[in-house]
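Working through the structure, step by step
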Amino acid sequence: DRDLENEDLSSMIRKALQLVYKYYDQGITLEETARQLFVSEEYLSSQFKKETGAGFKETVRRLRIERIKGLLLNTGLKLNQIAELTGYADPKYMSRVFKEETGILPNEFRKSAH
């Protein structure tokens, strides 16, 4: 959440980040966010990248991965439950994205941490 306190960010990008932090687990899209902020997707996308250093989708994905890590470490939830809580309809897809991001599968991550 440190991004939200960042004084260098424009109010538009701060609002965009607030929406991302609030709805990342519900499959928030650039399109919806741009619509809520009354700007074009192209403009939001380029400003987002310029100001935060990361793309919109990348930011949503990173938040989801962090949340998955937390759930893997701090709960005994099954992968399908974790997928549901983090906005992934399919646990297999979630596992693939997790592996792309971290280099290991969720179950391996959970084992390696214990």
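Just so it is clear, the model here is predicted, and its values are computed rather than measured.

On to the packing of helix H5 (residues 56-74) against helix H7 (residues 91-102), then. Interhelical geometry of H5 versus H7 gives an angle of 100° and a closest axis separation of 10 Å. As far as their axial angle goes, H7 and H5 are roughly perpendicular. Along the contact surface, H5 presents Arg61, Ile65, Ile68, Lys69 and Leu72, while H7 presents Met94, Val97, Phe98, Glu100, Glu101 and Thr102. Considering only residue class, the contact of H5 with H7 consists of six nonpolar, one polar and four charged.

At a minimum axis separation of 10 Å, helix H2 (residues 11-23) and H5 run at an interaxial angle of 40°. For the pair H2 and H5, the sense of crossing is right-handed. Across from Leu17, Val20 and Tyr21 in H2, the residues of H5 making contact are Phe56, Thr59, Val60 and Leu63. For the contact of H2 with H5, the per-class residue count stands at six nonpolar, one polar and no charged.

Residue placement: Tyr23 occurs in helix H2. Here the alpha-carbon distance between Tyr23 and Thr86, two residues 63 residues apart in the chain, equals 9.7 Å.

Our next topic: a negative patch on the surface. There is a patch of like negative charges on the surface, built from Glu31, Glu32, Glu41 and Glu42. Elements supplying a minimum of two residues to the negative patch: helix H3 (30-37) and helix H4 (41-52). By the element assignment, Glu32 lies in helix H3.

Turning next to H3. Within H3, burial applies to Leu30, Thr33, Ala34 and Leu37. Viewed along the axis of H3, the buried residues span an arc of 100°, placing them on a single side of the element. Those residues of H3 that are buried are in contact with H2, H4 and H5. After H3 finishes, the residue Phe38 shows a positive phi value of roughly 60°.

With respect to the helices, strands and loops of the structure, Arg67 is situated in helix H5. A relative accessible area of 32% means that Arg67 is categorised as partly exposed. Taking the C-alpha atoms as reference, Arg67 lies 18 Å from Thr29; in sequence the two are 38 residues apart. In this view, Arg67 contacts Tyr24, Leu85 and Thr86; residues no more than four positions away in its chain are not counted.

How each quantity is defined
Residues numbered from 1 in each chain as written. Predicted model: local features only at pLDDT ≥ 70, side-chain atom pairs only at ≥ 80, totals over all residues. Heavy atoms only, no water. Axes fitted to C-alpha atoms, helices over the stretch in contact; angles between N-to-C directions. Helix = DSSP H or I, 4+ residues; strand = E, 2+ residues; numbered from the N terminus. Parallel < 35°, antiparallel > 145°, perpendicular 65-115°, else oblique. Contact = heavy atoms within 4.5 Å. Nonpolar A, V, L, I, M, F, W, Y, C, P; charged D, E, K, R; others polar. Left-handed = near helix turned anticlockwise from the far one by under 90°. Patch = residues over 30% accessible without salt bridge, like charges linked within 9 Å, V, L, I, M, F, W, Y side chains within 5 Å. Areas by Shrake-Rupley, 256 points an atom, 1.4 Å probe, with all protein chains shown as cover. Salt bridge = Lys/Arg side-chain N within 4 Å of Asp/Glu carboxyl O. Lys, Arg positive; Asp, Glu negative; His and termini not counted. Charge placed at Lys NZ, Arg CZ, Asp CG, Glu CD. Buried < 20%, exposed > 50% of the residue type's maximum accessible area, 1.4 Å probe, protein only. Arc of directions from axis to C-beta.

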